[in-house]
Amino acid sequence: MRRADEMAVSRLRAFEERCRQKGLPVTVQRRTILEEVLRRDDHPTADDVYEAVRARLPQLSRTTVYRVLETFVYMGLVRRLRQTKAARFDRNIDRHHHLVCSRCGKVIDLEDRTLDQLPLPKRKLQGFIIEEFSVRFSGTCSDCQQPKE
Ligand SMILES: [Zn+2]
Ligand SMILES: [Zn+2]
């Protein structure tokens, strides 16, 4: 199995386990939405997920997709990225960084051990306690560098 497939299988198992613990039913809706997010590495918005699964789940509304995604964030199954215009959801919950295209908004994962070890600021931060960090680079993706016809 590819690494992404293994990740999806173990995350789906964790999902079922946590639903059981919290007494939440494992619905087809929730499972389909989670599978969709785990399948993609493009950090989809709630709308992207909705568009991708609506054919399979005709009863589904955008609001439900948003609420289900928020539940997954709460359960620690996916992450929410806040630095982008619309909230995007990230299947990668390990430490990593992002390249964000300022033209099309594409978000690309960047794993970089050197960035992981950036020294944290030593001075006082107005009482703020840093729990984690990630670096976001903005620029132009390869698609947006192609001249438009
Ligand atoms: Zn772009
Ligand atoms: Zn990411």
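A short tour of the structure in this document, coming up. (Residues numbered from 1 in each chain as written. Chains lettered and ligands numbered in written order. Predicted model: local features only at pLDDT ≥ 70, side-chain atom pairs only at ≥ 80, totals over all residues. Heavy atoms only, no water.)

## Side note on the coordination of the zinc ion (ligand 2)
Here is step 1 of the chain: Protein coordination at the zinc ion (ligand 2): the donors are H43 (NE2), D90 (OD), H96 (NE2), H98 (NE2) and D109 (OD), at 2.0 to 2.2 Å from the metal.
Here is step 2 of the chain: The sequence motif formed by the donor residues of the zinc ion (ligand 2) is H-x46-D-x5-H-x1-H-x10-D. Highlighted residues: D90 in strand β2 (residues 88–90) and D109 in strand β4 (residues 107–110), separated in sequence by 19 residues.
Here is step 3 of the chain: Of the residues examined, D109 reaches a relative accessible area of 27% and is grouped as partly exposed. (Donors = N, O, S within 2.8 Å, 3.2 Å for Na, K, Ca; no water. Helix = DSSP H or I, 4+ residues; strand = E, 2+ residues; numbered from the N terminus. Buried < 20%, exposed > 50% of the residue type's maximum accessible area, 1.4 Å probe, protein only.)

## Looking at the layout of surface pockets
Here is step 1 of the chain: Taken as a whole, the second largest pocket holds about 240 Å³ of empty space.
Here is step 2 of the chain: The wall of the second largest pocket is formed by R3, A4, M7, R11, D41, R91, N92, I93, D94, D109 and E111.
Here is step 3 of the chain: The element that contributes the greatest number of residues to the lining of the second largest pocket is helix α1 (residues 3–22), accounting for four residues.
Here is step 4 of the chain: Of the residues assigned to the lining of the second largest pocket, the class counts are three nonpolar, one polar and seven charged. (1 Å grid on protein atoms, 1.4 Å probe; cavity = no way out; pocket = protein on both sides within 12 Å on 5 of 7 lines; lining within 4 Å. Points joined across faces, edges and corners; volume = space filled by probe spheres on them. Nonpolar A, V, L, I, M, F, W, Y, C, P; charged D, E, K, R; others polar.)

## What to know about the coordination of the zinc ion (ligand 1)
Here is step 1 of the chain: On the protein side, the zinc ion (ligand 1) has C101 (SG), C104 (SG), C141 (SG) and C144 (SG) as donor atoms, found 2.3 Å from it.
Here is step 2 of the chain: One can describe the site at the zinc ion (ligand 1) as tetrahedral: its four donor atoms subtend angles covering 104 to 114° at the metal.
Here is step 3 of the chain: Here the donor residues of the zinc ion (ligand 1) are spaced in sequence according to C-x2-C-x36-C-x2-C. (Tetrahedral: all angles 85-135°; square planar, octahedral: opposite > 155°, others 65-115°.)

## A look at the packing of helix α2 (residues 28–39) against helix α4 (residues 62–74)
Here is step 1 of the chain: Following both chains from N to C, one finds α2 and α4 inclined at 70°, their axes separated by 10 Å at the closest point. Between α2 and α4, the angle is such that the two are roughly perpendicular. Here Q29, R30, I33, L34 and V37 of α2 lie close against α4, whose contacting residues are T64, V65, V68, L69 and F72.
Here is step 2 of the chain: Among the residues forming the contact of α2 with α4, the class breakdown is seven nonpolar, two polar and one charged. (Axes fitted to C-alpha atoms, helices over the stretch in contact; angles between N-to-C directions. Parallel < 35°, antiparallel > 145°, perpendicular 65-115°, else oblique. Contact = heavy atoms within 4.5 Å.)

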